[in-house]
Number of protein chains: 2
Amino acid sequence: MEMPLNPQSVDIVLVSPRNPLNIGAVARAMANFGFARLSVVSPFAPHWREARSAVGAPELLLDARETVTLAEAVATCTLVIGTGTLTHRKAEQPVVSLPSLAPLVRDELAGGGRIALVFGPEKHGLTREDLSWCHLLVEIPTDPRQPSTNLGQAVAVCLYELASRAFSQPVESASQNPEDTADGSARKSVPAAPSGSLELLAGVIEESMLASGYSPETMQAANRHDLRLLLRRLAPNPRDTRRILGLFRRILWRLHHTQNGK
Amino acid sequence: MEMPLNPQSVDIVLVSPRNPLNIGAVARAMANFGFARLSVVSPFAPHWREARSAVGAPELLLDARETVTLAEAVATCTLVIGTGTLTHRKAEQPVVSLPSLAPLVRDELAGGGRIALVFGPEKHGLTREDLSWCHLLVEIPTDPRQPSTNLGQAVAVCLYELASRAFSQPVESASQNPEDTADGSARKSVPAAPSGSLELLAGVIEESMLASGYSPETMQAANRHDLRLLLRRLAPNPRDTRRILGLFRRILWRLHHTQNGK
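Report follows, based on the coordinates.

Rules of the game
- For every chain, the first residue of the written sequence is number 1, and numbering continues from 1 onward in sequence order.
- A letter from A marks each chain and a number from 1 marks each ligand, given out in the order of writing.
- Given that the model is predicted, a residue must reach a pLDDT of at least 70 before its local features are reported, and side-chain atom pairs must reach 80 or more before they are shown or counted; all residues, however, enter totals for whole chains, interfaces and linings.
- Each helix corresponds to a stretch of at least 4 residues labelled H or I by DSSP, and each strand to a stretch of at least 2 residues labelled E; elements are numbered beginning at the N terminus.
- Expected helix span is taken as 1.5 Å per residue step, with the number of steps being one fewer than the number of residues.
- Whether a residue is buried, exposed or partly exposed follows from its count of other C-beta atoms within 10 Å of its own C-beta, namely 20 or more, 12 or fewer, or something in between, respectively; the C-beta atoms are built from the backbone.
- To obtain the arc, one takes the directions from the helix axis to the C-beta atoms.
- Residues are scored as being in contact if the C-beta atoms we place from backbone atoms lie within 7 Å.
- We place the copies in one frame by least squares, fitting the C-alpha atoms of every residue whose pLDDT is at least 70 in both.
- Between any two strands, pairing holds if DSSP finds at least two bridges.
- Note on method: axes are straight lines fitted to C-alpha atoms, helices fitted across the in-contact stretch only, with angles between N-to-C directions ranging 0 to 180 degrees.

Some details on helix H9 (residues 220–234) of chain B
Residue and element names in this part refer to chain B.
- Helix length check: H9, at 15 residues, gives a terminal C-alpha distance of 21 Å against a target of 21 Å (1.5 Å per residue), a fit within 8%.
- Along H9, the residues classified as buried are Arg-228, Leu-231 and Arg-232. In an axial view of H9, the angular spread of the buried residues amounts to 95 degrees, which keeps them on one side of the axis. Residues of H9 that are exposed and point more than 90 degrees away from the buried face comprise Ala-222 and Arg-233.
- Each element contacted by the buried residues of H9 is listed here: helix H8 (195–211).

A few points about the relation of the copies chain A and chain B
- Between chain A and chain B, which share one sequence, the superposing operator has a rotation angle of 180 degrees and an axial displacement of 0.0 Å; the RMSD is 0.1 Å. Given the turn and translation reported, the copies of this chain are related as if by a two-fold rotation axis.
- Interface residue correspondence from chain A to chain B reaches 100%, placing this contact among same-surface, isologous pairings.

What to know about the sheet that holds strand S1 (residues 10–15) of chain B
Residues and elements named next belong to chain B.
- The strand order across the open sheet built from seven strands is S3-S2-S1-S6-S4-S7-S5, with neighbouring strands paired in parallel fashion. Strand pairing shows two members of the sheet lacking a second neighbour, strand S3 (65–67) and strand S5 (95–97), which therefore form its edges. Averaged over neighbouring strand pairs, the angle between their axes works out to 25 degrees when direction is ignored.
- Looking at chain direction, S5 and strand S7 (residues 136–139) are connected through three bridges and run parallel. Residue Val-95 lies in a different strand from S7, and its bridge partner there is Leu-137.

Re the interface of chain A and chain B
- Across the boundary between the two partners, chain A contributes 24 residues, which contact 24 residues of chain B.
- Elements with a contribution of two residues or more to the side of chain A that touches chain B: helix H1 (20–32) and helix H7 (151–167) of chain A.
- Top contributing element to the side of chain A that touches chain B by residue count: H7 of chain A, with eight residues.

Structure representation (structure tokens):
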């Protein structure tokens, strides 16, 4: 089982970065640790231009993908990992400390998955809405008296950890016994459906909620948020996702049909 | 054996840093990961002032120690660790990869030692002369196509590694069996003599070399360099250092006495 575990299966995603120096520092850390795929979500245009035109800017900065929404940036990823410190709020997702992240990343990639590592804006980090796209939060263990890290340094620390502990070791150690992965008891045998499929499913479920009168329209935003989190906790694989989607499409058809028939 | 293993036994030493933003980034990473002791060797005065007067500069920047030489900055340290990438030269000291550093640091501190982690100037890193004060080099594993890291990011990565793998774990795991440390076969039972003692010894040995006509005066600089490296490879403990010093003082006295007697 020679799986190509490599940093090209990891997207680094910056949500609305502001400081061109920080953007440059992120690109440099990526080049240092062998990562090449950068996505930037709705950057502040002048600063983004400035960062890309800087002398000696790594090629990966010129090749970076620009998207309007985080949903779009992570659509093809099977494991979306948010970063940040959790001083102000309680996490709605599982939280893992950075030194424990590498085995999860190795398992996901060994199974053929694709990972996004998402960093928020300098001032306030990822919002609750941003985090609702994440399956998992990773926390850099810092001193409680000074928990907030600089963006360029946070990226460097995360990529160092992955480069030296997820990618530098022989692939064998990710799943010691290949037979295990067929077993339902193994952590996860097939990677989850990509973020975009989950969102398609979420849309149909949401329509079903509305069509069924599940909850008042004023609850729609809150329901959408909770649903997104729920689907990422469940992390259905692509086949199951299609199956559930089929079910809800059927339900939805029936709901509309019944309403029309009334 | 409740040894106080803590980051205050580690000095972060910057040799001639130039960019005030980098100095600020170093201080921030130190605060993030719980390190407080910063030394700066012959900084460029205006930039050093600028870094210290920056808004929101951490207290540790104001408390930083300023020295003229690296020798002075590391004089009380028993394990001096140089940092950098070794693309241009062959190391004269043992090299350890950053992911393997934590156990060495833990052992050294558990034995009552004191550590310096030394970072060179942004442009060219530590010189061969700077490195001659180091017992050990640590290398951040980076992509060979882009090996050179930004100073603030290099410090962040090193301190993250130590904070999460040398200081956050229970002390017991440093030496699983306390009886082992009395055994000569253990890596090192007593910390080495501090850098200042080794330099005192080196001075007397050098005098002895000259007085004995060991080598021509044109070789003096090269000999001094090699001697410094040799003593750090040997890493004699304080008692042995005093013993060797006593021997060479005696030799020196004899050499002078013989010359006078001729």
